[in-house]
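Below are the chains, spelled out letter by letter.
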Amino acid sequence: MQPLALDVAHMLAGGLVLVSFMLLYQDRMFGLLNIFALHAVVLSLSIAWQAYVQNAPHLFIPGAIALILKGIIIPVALHRVVVKLGIHREIETVGGIGPTMLAGIGLVALSMVVMLRATAAADPLARQDLAFALSVILLGLLMMVTRRNAVSQVVGFLSIENGLILAATGAKGMPLVVEISVAFSVIVAFIVIGVFLFRIRERFDTVDLQALDEFRGERQ
Amino acid sequence: MAVGAVLTCVAALLALAGVGVIAQSRSGASRLVYSACLALCGVILAVALSRLVAAPGPEPALTLPVGLPWIGARFRIDALTAFFLAVINFGAAAASLYALGYGEHEEHPGRVLPFYPAFLAGMNLVVLADDAFSFLVAWEFMSLASWALVVAHHREADNVRAGYIYLLMASFGTLMLLLAFGLLAGPAGSYAFGDIRAAEHAEWLAGLVLLLALVGTGSKAGLVPLHVWLPLAHPAAPSHVSALMSGVMTKVAVYGFVRITFDLLGTPSWWWGLAVLGLGSLTAVLGVLYALMQRDLKRLLAYSTVENVGIIFIGLGLALAFKASGLAAPAALALTAALFHVLNHSFFKSLLFFGAGAVLTSTGERDIEKLGGLIRRMPQVAFLFLGGCLAISALPPLNGFVSEWLLFQAILLSPDLPQWGLKLTIPAAGAMLALAAALSAACFVRAFGITFLGRPRSMEAQAAVETDPLSRAGMFLLLAACLVAGILPGVVIDAIAPVVEAQVGLKMPPQTSNAWLSIIPIAESRSSYNGLLVFSFIVFSTLLAVEVIHRFASRALRRAAPWDCGYPQPSPVTQYTADSFAQPIRRVFGEIAFLARERVEMPPPGDARPARLEVRMHDLVWQVLYAPIQGWIQLGAEKLNHLQFLTIRRYLSLVFLALVALLLMVAIWP
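Residues numbered from 1 in each chain as written. Chains lettered and ligands numbered in written order. Predicted model: local features only at pLDDT ≥ 70, side-chain atom pairs only at ≥ 80, totals over all residues. Heavy atoms only, no water.

## So, the overall build of chain B
So the rule is basically this: Each helix is a run of H or I in the DSSP string that is no shorter than four residues. Each strand is a run of E no shorter than two, and both are numbered from the N terminus. For the radius of gyration, the atom set is restricted to C-alpha positions; the globular benchmark scales as 2.2 Å times the number of residues to the power 0.38. Whether a residue is buried, partly exposed or exposed follows from its accessible area with a 1.4 Å probe, protein chains only, as a fraction of its type maximum: under 20%, in between, or over 50%, in that order. Whether two residues are in contact is decided by their heavy atoms: any pair within 4.5 Å suffices. Note on areas: Shrake-Rupley with a 1.4 Å probe; residue coverage comes only from the protein chains shown. In this tally, Lys and Arg are treated as positive and Asp and Glu as negative; His is ignored, and so are the chain termini. Charge positions come from single atoms, namely NZ of Lys, CZ of Arg, CG of Asp or CD of Glu.
When helices and strands are counted, chain B shows 25 helices and four strands. The globule rule puts the C-alpha radius of gyration for 670 residues at 26 Å, and the 27 Å found for chain B is close to it. Each of the three principal axes of chain B carries a C-alpha extent, and together these read 100 × 70 × 60 Å. With 670 residues in all, chain B has 54% of them scored as buried. Counted over contacts in chain B with a minimum sequence separation of 6, partners at least 24 positions apart contribute 79%. Accessible surface for chain B amounts to roughly 28,400 Å². Of this, 69% is attributable to carbon and sulfur atoms. Computed over 42 positive and 37 negative side-chain charges, the separation of the two mean positions in chain B equals 4 Å.

Structure follows, in structure tokens:
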């Protein structure tokens, strides 16, 4: 049972990292949203597996929240936002897809090195989980940095949240309230960002952040 | 226990600061505060002197449960502390006595009274501290209290700028000391001086600490090129505080340097002496050159403080060099000379600042070009100021001569040193010292002559009146101290002996047992000096001359037109001025030391305008060192200003890159 548990947890967390790379690779808005839904589904699977392995049924609650909120509601809502704003064009990236992917690979390697060294004494299940979680967070940050469009920055932000939840559920004995509150903080962030998106659009007729910068009259 | 008694007095001084806040400008408040300060400083002085003379064995440190939790604050009195306590509190007592009279002229006593006792308490605490933490806290407390006194007259032009520069330099100095103590305490973090003394320090670390201590204490003492705040801040304060800052606070800085380098650091390397000596001789010569050019009397005195600090550091550098080579006897001589000069300078510099303060209250002028002829209107102040000038110009039989003579004796022993680097440079330092002494004499001839002699150059100088008796009492006390230390140097040397023995392991031979109170620093065949003999000779020859003149000269009264020196106009403008006195020296040194440029503007023939001679002088140190630093900071601020206007994505990228860099550090760090 134990080797299998480790392997499956490993596979699901690794899958999350892989989906993060798919997010980085996407250059269409709807594709991005679909992949993000996939990201959430893989996350909820991972949480569910952790709940099963750790014999902690309360973990199913954040898993369900992740699945419903991030897997269904947020992608659908974002989908509608994109349609409403009419921005389903190509996503403008900074510095090309190829270099970004290479940088992402570097970040994953970095987080592996850091985490495996820092947690040498920890439980192997948690160790792998933490390393993958850090990779997901760094990839989400990388996405926020390399995209100009506000919607894709929101997606990057939400994928960072996913990484945090992965880390929180991977560690044994984390209180439920932490996991739940992390899960719910996402919805708050989503609402705030959604409101802002419409406000920005109302004001500047675009959600391309470059236009905002030009409006502020500042350098690139 | 002595340390307990002293700490009680310090606590009383702090309480007195509170009284100063409450009493503010009520009548009698300044009298109350200053007389209480006088009494408390007298008590501390008595304790310190008894400790110095009786020299009992080492006393345990007293730990008070204040400051850092579980560590507390340690205080201890050893010989070095006792000596500096005596210096501080004698100067403070004299200043308090003087301020009993001078303080009555203060326009806003509420701005001075609370900080004056606090300043005294701070200086006492610095020398009492026995761990790095309380030392630094007391040091910073002293700086802040003196800063408050510097900006007491903040509405006068330039005083706020002086205060700002002082605050900057003081913080810089404290930062350096903080780093020095951090290095000394090491990773274990034992900040008690006893632990630091017992620990072994690597040679590179000790060298680094020496440089940090030199910069840290040097910025407070006024070593060139860290002296820039001193001539601005010292004159800005009320005169009795100027006297304390110049005469006493710079000595607290010297204490800090001696404590760190001689006491805490262990055996010195030979190059330490070279560094201290070089900086000291540069300071001495540049300080006196600047002093010679000043027209502001108090600023002149402040620059002269820079010079004297240089002389003290020459002595300390010599002592370090001798100690490094294991020559304990010459090291003891050099350290004695330096400490003797510490004492002397606290006497005569306080005296001179008191004199400048008396002139200031009487005429409202600090510009010596607007004074003159004061000897007839303020004869006693003139006499006292003259005494101070003689002492600081190192003329026998006053005290300034003894310490500089001892210093030269130590310099003459430099051929005993094994290092050629030192053998060749110490005579050069001696030459610099001699030059500084000569220029200092010229400087004070100028200061005294232009201020007190000749005819008044302004209405204010004409209307000057003698200052109050209490101020004069403070000055008389200091002049008497100068005379006693000059005539009986053996007593002072023997009192310093335990201090020197604790620092270099050997003391000078006892001097009080010598015949006729002469002092013999090395051997009788080599050199000796008898202050009493010189003094008696001067007294007898003067009396004889007076007698001879009165007896044999004609008693007939003659009236004749005075020689007009070739100036038929009787205007006081035709007198010799301060600038004309300084002109030859400005010609010689000015082009390099001050980047001085003279320009003569001759009107063409037929034009009725007067010809003009314009002299422009710049502060070399300011231009070479501080102006570029200022420029770089400005440039850096301008460049960093762009960071205020980045896009959100760029800010995110900065955060991201910082995170990645930190993670990389974690990954690479062994």
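## Regarding the packing of aromatic side chains
Residue and element names in this part refer to chain B. Keep this limit in mind: Only rings of Phe, Tyr and Trp enter the pairing, Trp through its six-membered ring, and a pair is recorded when the two centres are within 6.5 Å. The plane angle decides the type: under 30 degrees is stacked, over 60 is edge-to-face, the rest tilted. Sitting over a ring, as applied to charges here, requires NZ of Lys or CZ of Arg to be within 6 Å of the ring centre and within 35 degrees of the ring normal.
Under the counting rule described, the total for this entry stands at 22 aromatic pairs over all chains. Between the aromatic rings of Tyr 166 and Trp 229, the centroid separation amounts to 4.6 Å while the plane-to-plane angle is 20°, which identifies the pairing as stacked. Of this pair, Tyr 166 sits in helix H7 (residues 159-185) while Trp 229 sits in the loop between helix H9 (203-221) and helix H10 (230-236), and the two are 63 residues apart along the sequence. Trp 229 matches Tyr 166 in its accessibility class, with the two residues each being buried. Ring plane angle 75° and centroid distance 6.4 Å describe the contact between Trp 271 and Trp 272, whose orientation is recorded as edge-to-face. Three or more aromatic residues link up through ring pairs in this structure, and these residues are Phe 135, Trp 139, Phe 181 and Phe 193. Over the face of the ring belonging to Trp 229 we find Lys 220, whose NZ or CZ atom lies 6.0 Å from the ring centre. A cation over a ring is seen here: Lys 423 above Trp 420, with NZ or CZ 4.5 Å from the ring centre.

## Some words on the interface of chain B and chain A
The cut-off we apply is this: Accessible area that two parts lose when put together, with a 1.4 Å probe and added across both, is what the buried area reports. By definition, a salt bridge exists where a carboxyl oxygen of Asp or Glu is found within 4 Å of a side-chain nitrogen of Lys or Arg. Contacts described as polar in this section are N or O atom pairs within 3.5 Å, which, within protein, must combine one atom able to donate a hydrogen with one able to accept it, while residues neighboring in sequence count only if both atoms come from side chains.
If you look at the interface, chain B gives 17 residues, while chain A gives 20 residues. When the area that chain B buries against chain A is broken down by residue, the three leading residues are Arg649(B), Phe656(B) and Leu663(B), summing to 34%. For the interface between chain B and chain A, the tally reads zero salt bridges. At the boundary of chain B with chain A, the tally comes to one residue pair in polar contact (both at pLDDT 80 or more).

## Comments concerning the side chain of Asn159(B)
Residue and element names in this part refer to chain B. Of note, Asn 159 is situated in helix H7. Residue class for Asn 159 comes out buried when judged on its relative accessible area of 6%. Once you skip the residues sitting within four places of it in the chain, Asn 159 turns out to touch Val 150, Val 151, His 153, His 154 and Ala 236.

## Examining the packing of helix H2 (residues 29-54) of chain B against helix H5 (residues 115-128) of chain B
Relative placement of two packed helices is described by the angle separating their axes and the distance separating the axes. Residues and elements named next belong to chain B. Formally: Axis definition: a line fit to C-alpha positions, over the contact stretch in the case of helices; interaxial angles, taken between N-to-C directions, run 0 to 180 degrees. Roughly parallel means an angle under 35 degrees; roughly antiparallel, over 145; roughly perpendicular, 65 to 115; everything else is oblique. Crossing handedness follows the turn of the near helix against the far one: under a right angle anticlockwise gives a left-handed crossing, and clockwise gives a right-handed one. Polar here means any residue outside two lists: the nonpolar Ala, Val, Leu, Ile, Met, Phe, Trp, Tyr, Cys and Pro, and the charged Asp, Glu, Lys and Arg; Gly therefore counts as polar.
Taken N-terminus to C-terminus, the directions of H2 and H5 make an angle of 15°; their axes are 10 Å apart at the nearest point. Here H2 lies roughly parallel to H5, going by the angle between them. Judged by the twist between their axes, the crossing of H2 over H5 is right-handed. Touching Val 33, Tyr 34, Cys 37, Cys 41 and Ile 44 of H2 are Tyr 116, Pro 117, Leu 120 and Asn 124, all from H5. By residue class, the composition of the contact of H2 with H5 is eight nonpolar, one polar and no charged.

## Looking at the domain arrangement of chain B
One widely used convention gives an interface's size as the accessible area the parts lose upon coming together. Stated precisely, the cut-off is as follows: All domain edges in this entry derive from an automatic or database-based domain assignment.
Along its sequence, chain B is carved into domain 1 (268-549), domain 2 (578-602 + 610-618) and domain 3 (621-668). For domain 1 of chain B and domain 3 of chain B, the distance between their C-alpha centres works out to 49 Å.

## A closer look at helix H12 (residues 270-293) of chain B
We apply this condition: A helix's residues, less one, multiplied by 1.5 Å, set its expected span.
With 24 residues, H12(B) ought to run about 34 Å at 1.5 Å a step, and its terminal C-alpha atoms sit 36 Å apart, in line with that. In terms of residue burial, H12(B) counts as a mostly covered element, since 17 of its 24 residues are buried.

## Quick notes on a nonpolar patch on the surface
All names here are of chain A. Condition: A residue counts toward a patch only above 30% relative accessible area and without a salt bridge, and it is joined to like-charged neighbours within 9 Å or, for Val, Leu, Ile, Met, Phe, Trp and Tyr, to nonpolar neighbours within 5 Å.
Nonpolar side chains collect at one region of the surface, where Met 22, Leu 38, Val 41, Leu 45, Leu 67, Ile 68, Ile 72, Ile 73 and Val 76 lie side by side and expose about 720 Å² of accessible area between them. Contributing elements (two or more residues each) for the nonpolar patch: helix H2 (29-53) and helix H3 (60-85). With five residues, the top contributor of residues to the nonpolar patch is H3. By secondary structure assignment, the location of Leu 45 is in helix H2. Since its relative accessible area comes to 47%, Leu 45 is described here as partly exposed.

## Quick notes on the pattern of salt bridges
All names here are of chain B. Counted under the stated rule, the structure contains 17 salt bridges over all chains. Where Arg 31 meets Glu 104, a salt bridge forms, and the shortest distance between an N and an O atom there is 3.6 Å. Taken together, the positions of Arg 31 in helix H2 and Glu 104 in the loop between helix H3 (79-102) and helix H4 (109-112) put the pair 73 residues apart, joining distant regions of the chain. Owing to a relative accessible area of 41%, Arg 31 belongs among the partly exposed residues under this scheme. One salt bridge in this structure joins Arg 76 and Asp 130, with 3.6 Å as the shortest N-O distance. With Arg 76 in the loop between strand S2 (73-75) and H3 and Asp 130 in the loop between H5 and helix H6 (132-150), the pair connects residues that are 54 residues apart, well separated along the chain.

## A closer look at the confidence of the model for chain B
Quick reminder of the rule: Confidence of the predictor at the level of single residues is captured by pLDDT, which takes values from 0 to 100.
Residues of chain B with pLDDT of at least 70 account for 99%, and the chain-wide mean is 89. Of the two predicted TM-score estimates for the complex, the pTM is 0.82 and the ipTM is 0.83.

## Quick notes on the state of the cysteines
Residue and element names in this part refer to chain B. Operational definition: By convention in this document, the label disulfide applies to cysteine sulfur atom pairs within 2.5 Å.
By the definition in use, this model includes zero disulfides over all chains. This cysteine, Cys 389, is not joined by any disulfide, and Cys 443 carries the nearest cysteine sulfur, 8.5 Å off. Note on Cys 389: relative accessible area 4%, which makes it buried. Note on Cys 482: no disulfide assigned, nearest cysteine sulfur contributed by Cys 389 at a separation of 11 Å. Residue classification places Cys 482 among the buried residues on the basis of a relative accessible area of 0%.

## Topic: the nonpolar core
Put simply, the rule is: Residues grouped as a nonpolar core are buried Ala, Val, Leu, Ile, Met, Phe, Trp, Tyr and Cys residues, joined through side-chain atoms within 4.5 Å.
Counting 219 residues, the largest nonpolar core has Phe83(B), Met123(B), Phe135(B), Phe313(B), Leu316(B) and Leu406(B) as its most contacted members. The element contributing the most residues to this core is helix H14 (residues 328-363) of chain B, with 20 residues. Counting contributing residues per domain, this core is built from domain 1 (268-549) and domain 2 (578-602 + 610-618) of chain B, each supplying no fewer than three. In contact with Phe83(B), not counting residues within four places along its chain, are Leu52(B), Leu339(B), Val342(B), Leu343(B), Ile496(B) and Val499(B). Counting residues in each nonpolar core, the second largest holds 57 residues, with Leu16(A), Val17(A), Ile47(A) and Leu85(A) among its members.

## Looking at unusual backbone geometry
Cis peptide bonds are those with omega within 30 degrees of zero, and the linkage from Val224(B) to Pro225(B) qualifies with 5°. With respect to the helices, strands and loops of the structure, Pro225(B) is situated in the loop between H9 and H10. A cis amide bond links Pro396(B) with the next residue in sequence, Pro397(B), at an omega value of 10°. Its place among the elements puts Pro397(B) in the loop between helix H16 (379-392) and helix H17 (399-412). Despite not being glycine, Asn55(A) has its phi angle at roughly 60°, a positive value.

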